[in-house]
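Secondary and tertiary structure notes
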Amino acid sequence: KTMKKTARILNGLAMLSLWLGTTANSILAADLIGINEILREIKAPGPAIIREVSFTTEIPLPGDARIFITYPAGFDAAKASVFSTSGFAGSFSKIVKGQVLILSRSGGRTAPPGEKIVALSGIVNKSTNATYKITLEIQNGVGEILLGPTTSARIRPSIHTAEE
């Protein structure tokens, strides 16, 4: 009788643990809001195209956050670099894996919720001028998904001058 009771308790604890794990993961991984990319042409020190990827977070981002930006086929991010940021500080290192640009943040404090902008240079769109979508995901330093993955609305590749 004691064995059956123990088995039922262990089974119940296992089910509770499974449910809590699923609930915790679904609470942690929220959506990013308002993902967009604007192309700007800057004149100095020479003509260049800057891609301003913007998004809004509803949770703080840790100082070791990693931003995964997935571009569609036809984009080349091998020479990408972070031109500037807004909404959070720190330095960024990059890794490119196929169509995914991974920006690893370091040296920054936890950034409060709100709009973030990462301005990137060196990304080339080798495809036609068709509309496209990008997907963003944000992880903490140990690889746990904090936000996303979330796909943007269709982006029209038009270039804005620095005066706009």
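Just so it is clear, the structure is predicted and the values come from calculations on it, not from any experiment.

As for the pattern of salt bridges
Pairing between side chains of opposite charge can happen when their charged atoms approach one another. This model, assessed by the stated rule, comprises one salt bridge. Note that Lys126 is salt-bridged to Asp76, the shortest N-O span being 3.5 Å. Taken together, the residues Lys126 in the loop between strand E9 (124-125) and strand E10 (135-139) and Asp76 in strand E4 (residues 75-76) connect sequence positions 50 residues apart. Judged by its relative accessible area of 61%, Lys126 falls in the exposed class. Judged by its relative accessible area of 29%, Asp76 falls in the partly exposed class.

A word on the side chain of Asn140
Along the chain, Asn140 turns up in the loop between E10 and strand E11 (145-151). Looking at Asn140, the relative accessible area reads 13%, which means it is buried. Beyond its immediate sequence surroundings of up to four residues, Asn140 is in contact with Pro62, Asp64, Arg66 and Leu146.

A word on the sheet that holds strand E3 (residues 66-70)
The antiparallel open sheet is built from five strands, whose spatial order is E6-E7-E3-E10-E11. On the outer flanks of this sheet lie strand E6 (91-97) and E11, each paired with one strand and no other. Direction aside, neighbouring strands of the sheet carry axes that sit 15° apart on average. Two elements, E6 and strand E7 (residues 100-106), share seven bridges in a ladder whose sense is antiparallel. Bridging from a neighbouring strand, Ser93 pairs with Ser104 of E7.

Here we look at the nonpolar core
Counting 28 residues, the largest nonpolar core has Ile67, Ile69, Leu120 and Ile134 as its most contacted members. Looking at this core, the elements that each hand over two or more residues are strand E1 (33-42), strand E2 (48-57), E3, E7, strand E8 (114-121), E10 and E11. Non-local contacts of Ile69, meaning those with residues more than four positions away in its chain, are made with Val53, Gln99, Val100, Leu101, Leu103, Leu120, Ile134, Thr135 and Leu136.

A short note on the confidence of the model for the chain
With 72% of its residues at a pLDDT of 70 or more, the chain has an overall mean of 79. Taken element by element, the chain is modelled with least confidence in helix H1 (residues 2-28), mean pLDDT 49, and with most confidence in E3, mean pLDDT 96. Under a pLDDT of 50 for its full length, residues 16-28 has, in the predicted model, two contacts with residues more than four places off or in other chains.

Let's talk about the environment of Gly114
Topologically, Gly114 is positioned in strand E8. The exposure class of Gly114 is buried, given its relative accessible area of 19%. Taking the C-alpha atoms as reference, Gly114 lies 8.2 Å from Pro60; in sequence the two are 54 residues apart. Excluding residues that lie within four positions of it along the chain, Gly114 makes contacts with Phe55, Thr56 and Thr57.

Re the packing of aromatic side chains
Each aromatic ring pair is described using two quantities: the centre-to-centre distance and the angle formed by the ring planes. According to the stated counting rule, one finds three aromatic pairs in the structure shown. Ring centres 5.1 Å apart and planes at 25° place the aromatic pair Tyr71 and Phe75 in the stacked group. Judged by its relative accessible area of 7%, Phe75 falls in the buried class. Here Phe88 and Phe92 contribute two aromatic rings whose centre-to-centre distance is 5.7 Å and whose plane-to-plane angle is 75°, an arrangement assigned as edge-to-face. Classification of Phe88 by relative accessible area gives buried; the value is 8%. According to the relative accessible area criterion, Phe92 is buried, its value standing at 19%.

Cut-off values and rules
Residues numbered from 1 in each chain as written. Predicted model: local features only at pLDDT ≥ 70, side-chain atom pairs only at ≥ 80, totals over all residues. Heavy atoms only, no water. Salt bridge = Lys/Arg side-chain N within 4 Å of Asp/Glu carboxyl O. Helix = DSSP H or I, 4+ residues; strand = E, 2+ residues; numbered from the N terminus. Buried < 20%, exposed > 50% of the residue type's maximum accessible area, 1.4 Å probe, protein only. Contact = heavy atoms within 4.5 Å. Pairing = 2+ DSSP bridges. Axes fitted to C-alpha atoms, helices over the stretch in contact; angles between N-to-C directions. Core = buried A, V, L, I, M, F, W, Y, C linked by side-chain atoms within 4.5 Å. pLDDT = per-residue confidence, 0-100. Phe/Tyr/Trp six-rings, centres within 6.5 Å; stacked < 30°, edge-to-face > 60°.

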